Amino acid sequence: MGVTPKLLRVLKGERLDAPPVWLMRQAGRYLPEYRALRAEKGGFLDLATDPESATEVTLQPIRRFGFDGAILFSDILMVPWALGQDLSFGAGEGPILTPALVDHALDGLTRVPERLDPVYATVRRVAAALLPETTFLGFAGSPWTVATYMVAGHGSKDQGETRRFAYRDPAAFAHIIDTIAELTVDYLSKQIEGGVQAVQLFDSWAGSLSPAQFERWVIAPNARIIAALHTRHPDTPMIGFPKGAGGKLPAYANETGADAIGLDETVDPEWANAVLPVGVPVQGNLDPLALITGGETLDAAIDRVLAAFPGRPHVFNLGHGILQDTPIAHVEQLLARVRAR
């Protein structure tokens, strides 16, 4: 029987003096090797659906930095793509989904489940390539965040179009949420079957909802997904990351059943440590801009996060994704600082 890697141990409730480290979007545009491969392969979707290339991108930051976790290189919009929407990434633009569901019925789409097959192939390749000390993380978008793209057809600052839709026709919107949740369970289950050891649910736009809507469109569907995955894969930790949840974070932690809670950079980590359930692991929550700044500012920010969780299992991470203008040397500084504990 092999040794359980550090990150997986912490996600299962063990506290380590030097917390394991991985960074959201650690495989991406701040790395010159990623930019070179992207230029060679073309568009993002071509890269993400080529298992050989997606495996290489997943492994690049592990080779360079030795992070404790490798996260699958893919995108949260693979699920709507498999549900039948067309997905494109324009140069310098965000993703576009057509037809937008604000004008079309979900049931009018023709599902294309085979669009997920390259993701599963990438999972198998990465699982075979990783060393035992590196935890392999899979992920999916949470239903609310995925639905905001499906309804509007694109990202937005306030998700206003989707919020209006949810108020105007809650039954139709519930059908969209339920459909996303159902496929997400199967999608993550197949990632786990392929070799993923823990998964993260990204709810990047959770902060735009009122408390009642948050309960209905964030907590409830995430709880269903996590319960179903716990039944199928009881030993696989689930990380919930409701970005922007703020004061609704304790309810999310108590009601979804997530095994670990991701904290964005706007959360006071000392407050989170005080209000979250005792013993539940947390992940985060360094400001990505502090990482860009570097120097003494970065050291002080790292130390504040590290000091906030005495006695609690903690995975060191950013409060959101690493930014593309992040200097490589600052990532190295971060790792040295955290690992020196």
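Criteria and thresholds
- The residue numbers shown here count from 1 along each chain, following its written sequence.
- In keeping with the model being predicted, local features are shown solely for residues with a pLDDT of at least 70 and side-chain atom pairs are shown and tallied solely at 80 or more, while totals for entire chains, interfaces and linings include all residues.
- Side-chain descriptors were evaluated using all non-hydrogen atoms of the structure, hydrogens and water having been removed beforehand.
- In short, DSSP must find at least two bridges between two strands for them to pair.
- Here a strand is any run of E in DSSP of at least two residues, a helix any run of H or I of at least four, and the numbering for each starts at the N terminus.
- Axis lines are fitted to C-alpha atoms, over the contacting stretch for helices. Their N-to-C directions set the angle, which ranges from 0 to 180 degrees.
- Partly exposed residues are those whose accessible area sits between 20% and 50% of the maximum for their type, while under 20% is buried and over 50% is exposed, using a 1.4 Å probe and protein chains only.
- The span one expects for a helix is its residue count, reduced by one, times 1.5 Å.
- Values of bend correspond, residue by residue, to the angle between axes fitted over the seven residues ending at that residue and the seven starting there.
- In this description, contact between two residues means that some pair of their heavy atoms is separated by no more than 4.5 Å.
- By nonpolar core is meant a set of buried Ala, Val, Leu, Ile, Met, Phe, Trp, Tyr and Cys residues that side-chain atoms within 4.5 Å join together.
- Each reported salt bridge corresponds to a side-chain nitrogen of Lys or Arg within 4 Å of a carboxyl oxygen of Asp or Glu.

(A) Region of the structure containing the sheet that holds strand S1 (residues 69-71). Taken in spatial order, the seven strands make up an open sheet running S1-S4-S5-S6-S7-S8-S9, and their pairing is parallel. Strands with a single pairing partner mark the edges of an open sheet, and in this sheet they are S1 and strand S9 (314-318). Averaged over all adjacent pairs, the angle separating strand axes in this sheet is 25°, with direction ignored. Pairing of strand S4 (residues 135-141) with strand S5 (residues 198-203), which is carried by five bridges, proceeds in the parallel orientation. When the sheet's bridge partners are listed, Phe 139 is paired in S5 with Gln 200.

(B) Fine view of the environment of Gly 246. Along the chain, Gly 246 turns up in the loop between strand S6 (238-242) and helix H11 (249-256). Residue Gly 246 is classed as partly exposed on the basis of its relative accessible area of 26%.

(C) Inspection of helix H9 (residues 170-194) at higher detail. Its 25 residues place the ends of H9 36 Å apart at the C-alpha level, agreeing with the 36 Å of an ideal helix rising 1.5 Å per residue. Downstream of H9 by one or two residues, Gly 195 has phi in the positive range, about 130°.

(D) The arrangement of helix H10 (residues 211-232) in detail. Spanning 22 residues, H10 covers 30 Å between terminal C-alpha atoms, matching the ideal 32 Å at 1.5 Å per step. Largest kink in H10: about 30°, centred on Ile 219, with the proline Pro 221 one to four residues after it. For H10, the set of buried residues is Gln 213, Phe 214, Trp 217, Val 218, Ile 219, Pro 221, Asn 222, Ala 223, Ile 225, Ile 226 and Leu 229. Considering only its buried residues, H10 is in contact with helix H7 (143-152), helix H8 (160-168), H9, S5, S6 and H11.

(E) Looking closely at the nonpolar core. Phe 173, Leu 286 and Leu 334 are the most contacted members of the largest nonpolar core, which has 118 residues in total. Counting residues per element, this core draws most heavily on H9, which supplies 11 residues. For Phe 173, the residues in contact, after removing those within four places along its chain, are Trp 144, Ala 147, Val 151, Thr 162, Phe 165, Ala 166 and Trp 217.

(F) The pattern of salt bridges, seen in detail. Inspection of the entire model under this criterion finds 11 salt bridges. Note that Asp 303 is salt-bridged to Arg 337, the shortest N-O span being 2.6 Å. One end of the pair, Asp 303, is in helix H14 (residues 295-307); the other, Arg 337, is in helix H15 (residues 328-339), and 34 residues separate them in sequence. Judged by its relative accessible area of 32%, Asp 303 is partly exposed. Taking the relative accessible area as the measure of exposure, Arg 337 reaches 32% and is therefore partly exposed.

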